[in-house]
Amino acid sequence: MLEGILMGLSTAFTPINLLMVLVGCFAGTFIGMLPGLGPVSAIALMIPITYGFDPASGMILMAGVYYGAVFGGSTSAILINAPGVSGAVATAFDGHPMAKKGQAGRALALAAYSSFLGGTIGAILLLLFVPILAKVSLSFQSADYFALMLFGCTAISAFSGKGQVLKAVLMTLLGLMLATVGQDTSGVQRFTFGVPDLYDGISFLLLSMATFALAEALLVVLRGDSSKAQPDSEDLSRNALGSLKLSKEEIKDVAPVVGRSSLLGFFVGVLPGAGATIASFLAYGMERNIASPEQREQFGKGSARGLVAPETANNAASTGSFVPLLTLGIPGSATTAIMLGALLSYGVQPGPRLYIDNPEVFWAVIISMYLGNIILLVLNLPLIPYIAKLLDVPRQLLTPIILFLSLIGVYLVSFNTVDLTMMVVIGVIAVIFRILDFPLAPLLLGFILGGMLEDNLRRALLIWDGSWAFLWQRPITATIMVITLVTILMPLWSAIRDKHKKAITEVFAE
Amino acid sequence: MNYIDNKDKVGSLLLLLFSLFYLNYIFDITLDPNAGDQFFTPRTLPMGLACVTIVCAFVQLLMPGKSSEDVSISGAVAGYRWKPTLALILLMLVYSLSFSFLGFVVATFLFLMIGFSILGERRIGLSLTVAGGLVLSMWGVLTQLFDLYLDTGTLYRLIMGDA
């Protein structure tokens with residue numbers, strides 16, 4: 001492992017890769033601060049730029065963008081109560097009240113330090129867990145991978161919230177169906193309707209840019225956010241942010257919160273589909289529950305604990321979400337799904353073999369994550385007052401620029417204008433599904449996993465001579481299948497239980 | 001229950017229609033004549049996906065829904081600004097269709113200028129500076145720094161006599 005760490009250090013510390021982290025953190029912070037644009041859009045926007053890079057540099061840039069966007073999301077949550085990312089929603093609960101009290105600087109400093117510590121603890125845990133899990137997963141066969149892909153598809157649905165499970169399943173299925181467009185591995189054309197532009201299938205970049213960057217920008221216009229004045233942002237960025245320094249007592253008070261939230265965040269992040277949003281809410285809830293009655297009173301009114309807990313947890317979860325990606329090749333979130341797509345486009349297959357075949361990419365990504373955290377703390381924190389000026393840029397100028405960057409990002413990869421038209425059409429469909437409250441992250445996950453799922457199923461059936469018995473006869477496959485079933489049935493079971501309880505209450509009330 | 005003004009029902013109906021359309025085209029996938037006894041053909045996964053989606057969409061359609069306020073489409077879209085959104089969508093389509101003819105610089109400049117105007121930016125000087133600056137800097141970075149080819153457009157070639 002030490003050899004690997006040194007390899008990662010030597011790759012990450014080359015001038016070009018240091019520049020990548022630096023640029024990534026800055027770009028990510030800027031994009032993440034814009035309400036509506038989160039890490040997914042930020043990374044999607046970066047993909048065309050990184051196409052010519054070597055895989056390690058590309059991944060390092062994206063890791064920087066990821067962390068920067070998460071940090072940027074928190075900044076806009078604190079300053080203008082507009083979380084740029086869903087993972088920063090819980091940050092706004094106490095961060096914005098602190099800013100309103102004239103302690104914006106303190107809130108931003110607390111957010112930056114807790115993000116750094118959450119990321120650091122997460123990176124250490126990642127360093128410990130990933131190599132072990134990668135070695136274990138080397139014994140996996142196609143059947144196990146098929147089960148894992150299935151688990152990846154269902155897990156995101158299970159964590160999608162009350163009443164959303166079936167909708168998330170449907171969107172995953174839609175993603176899987178879209179993945180079958182184009183030429184299959186045996187060379188047969190499927191659903192191409194004789195259109196040559198569809199022979200290679202729908203581009204993953206096109207789909208991710210259309211469903212996230214383009215759709216988000218259109219929704220901002222649709223909801224009327226583009227012309228709204230932003231008095232809060234102007235007030236908070238133009239006026240003094242207050243001191244960025246923290247007292248010793250404050251540090252002592254929040255230190256245990258950081259420890260608890262880091263562990264919770266990391267392990268929640270490891271679960272496919274859970275991610276930073278759930279981690280941040282769980283951490284906030286946990287801290288609120290274990291706080292003394294006086295401290296609990298402060299939650300929602302500018303409590304330092306209430307700010308630190310979600311901020312630490314969402315960063316630790318962001319790191320944790322790399323575990324399934326790097327070890328099993330399964331993205332745990334929409335962001336890591338995009339990273340998986342990017343890795344595949346570089347010709348790098350994530351999964352247990354990544355550790356053996358491309359150790360420089362594997363270790364450089366892990367090291368650069370930590371580096372990204374340091375850069376965010378050292379460089380971004382002092383620059384916050386200046387970065388916050390971005391929130392003053394009129395949305396009527398920003399939105400068309402975002403639309404243009406999304407379109408040109410896709411064009412620069414294929415140099416095909418048909419892709420632009422297809423992107424607009426998919427973007428409109430994505431907006432319709434967003435209005436109908438159908439989640440888009442499962443669609444992307446299904447699309448990314450579709451090809452691998454089919455490949456592994458085909459191979460498994462070939463090995464087992466057409467028999468599906470591998471699902472229950474191979475212990476690893478059977479275990480994963482049981483977990484998958486439990487994951488998908490759990491929300492269903494709790495819904496039935498809730499309904500039952502409600503019915504009993506109503507009977508007694510009568 | 002109002003099926004037309006219901007997000008869940010309309011969404012699942014759209015997915016049901018899509019999966020029926022998808023199912024219909026599965027039979028157009030050409031198979032190897034010797035594929036009759038193969039257990040996994042290019043149709044296997046699409047067929048499975050279509051069937052599962054149809055079942056799930058039906059379940060979602062027939063399931064008792066949430067309160068009408070939560071899932072009302074008309075409630076959700078009340079106050080939405082359709083005009084500028086549709087104008088922007090149209091602008092993007094025109095941009096994609098005119099890109100080859102006008103070329104990167106002209107098409108992008110016009111796209112940004114019209115986009116700013118659609119969203120209510122009335123300061124022409126500022127719009128010109130932002131659009132012009134962005135287009136030229138992007139063109140410079142992409143063609144000079146990253147050595148990428150950007151289409152100059154048929155119009156440019158016609159004017160310059162290169163066509």
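This is a predicted model, so every value here is computed, not measured.

Looking at this model, I keep getting lost on the overall build of chain A. Mind explaining?
Secondary structure summary: chain A contains 22 helices and 2 strands in total. Within chain A, the fraction of its 510 residues that count as buried is 62%. Long-range pairs, those at least 24 residues apart, make up 79% of the contacts in chain A with a sequence separation of at least 6.

What should I look at first to understand the overall build of chain B in this one?
A count of helices and strands for chain B gives 7 helices and 0 strands. Taken against the 2.2 N^0.38 rule, which gives 15 Å for 163 residues, the C-alpha radius of gyration of chain B at 25 Å runs more than 25% over that of a compact globule. In terms of overall dimensions, chain B has C-alpha extents of about 60 × 55 × 25 Å along its principal axes. Per-residue burial for chain B yields a buried fraction of 26% across its 163 residues. Looking at chain B alone, contacts between residues at least 24 apart form 66% of all its contacts between residues at least 6 apart.

Mind showing me how you'd approach helix H15 (residues 334-345) of chain A here?
Residues that lie three or four places apart on an α-helix share one face, since the helix turns once every 3.6 residues. Residue and element names in this part refer to chain A. Between the first and last C-alpha of H15 there are 17 Å, a value that for 12 residues agrees with the 16 Å anticipated at 1.5 Å per step. Most of H15 sits inside the fold, with 10 of its 12 residues counted as buried. Within H15 the residues assigned to the buried category are Ala334, Thr335, Thr336, Ala337, Ile338, Met339, Leu340, Gly341, Ala342 and Leu343. Once H15 ends, the next one or two residues include Gly347, with phi positive near 85 degrees.

Can you walk me through the interface of chain B and chain A in this structure?
Often, the extent of an interface is quoted as the loss of accessible area on bringing the components together. In this complex, chain B contributes 51 residues to the contact, which on the side of chain A involves 48 residues. Of the residues forming the side of chain B that touches chain A, the biggest block, 16 residues, is contributed by helix H5 (residues 82-118) of chain B. Within the side of chain B that touches chain A, the residues separate by chemical class into 34 nonpolar, 12 polar and 5 charged.

Which parts of the structure should I look at to understand unusual backbone geometry?
With the exception of glycine, most residues fall at negative phi, and the peptide bonds are largely trans. If you check the backbone angles, A:Phe191 has positive phi at about 55 degrees while not being a glycine. Among the structural elements, A:Phe191 can be located in the loop between strand S2 (189-190) and helix H8 (204-222).

Is there a simple way to think about the packing of helix H7 (residues 165-179) of chain A against helix H1 (residues 7-26) of chain B in this case?
Close contact between H7(A) and H1(B) brings their axes to 11 Å; oriented N to C, the two are set at 30 degrees. The angle between H7(A) and H1(B) falls in the class roughly parallel. As H7(A) packs across H1(B), the resulting crossing turns out to be left-handed. Residues A:Lys167, A:Leu170, A:Leu174 and A:Met177 of H7(A) touch H1(B), and the partners they reach there are B:Asp8, B:Gly11, B:Ser12, B:Leu15 and B:Tyr22. Residue composition of the contact of H7(A) with H1(B), grouped by class: 5 nonpolar, 2 polar and 2 charged.

Whenever I open this one, the packing of H5(B) against helix H6 (residues 124-145) of chain B confuses me. Can you help?
For any two helices packed against each other, one specifies the crossing angle of their axes together with the interaxial distance. All names here are of chain B. Here H5 crosses H6 at 150 degrees, and the two axes come no closer than 9 Å. For the element pair H5 / H6, the angle class is roughly antiparallel. Taken as a pair, H5 and H6 cross one another with a handedness that is right-handed. Contacts between H5 and H6 involve Phe104, Val105, Thr108, Phe109, Leu112, Met113 and Phe116 on the former and, on the latter, Ser127, Ala131, Gly132, Leu134, Val135 and Trp139. Of the residues assigned to the contact of H5 with H6, the class counts are 10 nonpolar, 3 polar and no charged.

Sorry, what's going on with the environment of A:Met452 here?
All names here are of chain A. Here Met452 is to be found in helix H20 (residues 441-463). Under the C-beta neighbour-count criterion, Met452 is labelled buried, with 21 such atoms within 10 Å. Sequence separation between Met452 and Ala279 is 173 residues; the distance between their C-alpha atoms is 28 Å.

Just checking my understanding: could you explain the confidence of the model for chain B for this structure?
In low-pLDDT segments, the atomic positions of the prediction should not be examined closely. All names here are of chain B. Residues with a pLDDT of 70 or more make up 91% of chain B, whose mean pLDDT is 87. At the low end of the mean pLDDT range in chain B sits helix H3 (residues 68-71), at 69; at the high end sits H5, at 94. Overall fold confidence (pTM) sits at 0.77, and the ipTM for the predicted complex is 0.92.

Explain the environment of A:Ile338 to me, please; I cannot follow it from the model alone.
Residue and element names in this part refer to chain A. Take Ile338: it is sitting in helix H15. A residue is classified by how many C-beta atoms lie within 10 Å of it, and Ile338, with 29 of them, is buried. Each C-alpha atom of the pair Ile338 and Ile43 lies 7.4 Å from the other, and the pair is 295 residues apart in sequence. For Ile338, the contacting residues outside a window of four places in its chain are Val40, Ile43, Ala44 and Ser208.

Please explain the environment of A:Leu405 as it appears in this structure.
Structurally, A:Leu405 can be placed in helix H18 (residues 395-414). The exposure class of A:Leu405 is partly exposed, given the 18 C-beta atoms found within 10 Å.

Is there a simple way to think about the confidence of the model for chain A in this case?
Residue and element names in this part refer to chain A. Per-residue confidence for chain A gives a mean pLDDT of 81, with 90% of residues at or over 70. Of all helices and strands in chain A, the one with the weakest mean pLDDT is helix H9 (residues 231-238) (46), whereas helix H19 (residues 417-435) scores best (93). Below pLDDT 50 for its whole length, residues 227-235 participates in 13 contacts with residues either more than four positions away or in separate chains.

Procedures and definitions
- Residues numbered from 1 in each chain as written.
- Chains lettered and ligands numbered in written order.
- Predicted model: local features only at pLDDT ≥ 70, side-chain atom pairs only at ≥ 80, totals over all residues.
- Helix = DSSP H or I, 4+ residues; strand = E, 2+ residues; numbered from the N terminus.
- Buried ≥ 20, exposed ≤ 12 C-beta atoms within 10 Å, placed from the backbone.
- Contact = placed C-beta atoms within 7 Å.
- Rg over C-alpha atoms; globule rule 2.2 N^0.38 Å.
- Expected span 1.5 Å × (residues − 1).
- Nonpolar A, V, L, I, M, F, W, Y, C, P; charged D, E, K, R; others polar.
- Axes fitted to C-alpha atoms, helices over the stretch in contact; angles between N-to-C directions.
- Parallel < 35°, antiparallel > 145°, perpendicular 65-115°, else oblique.
- Left-handed = near helix turned anticlockwise from the far one by under 90°.
- pLDDT = per-residue confidence, 0-100.

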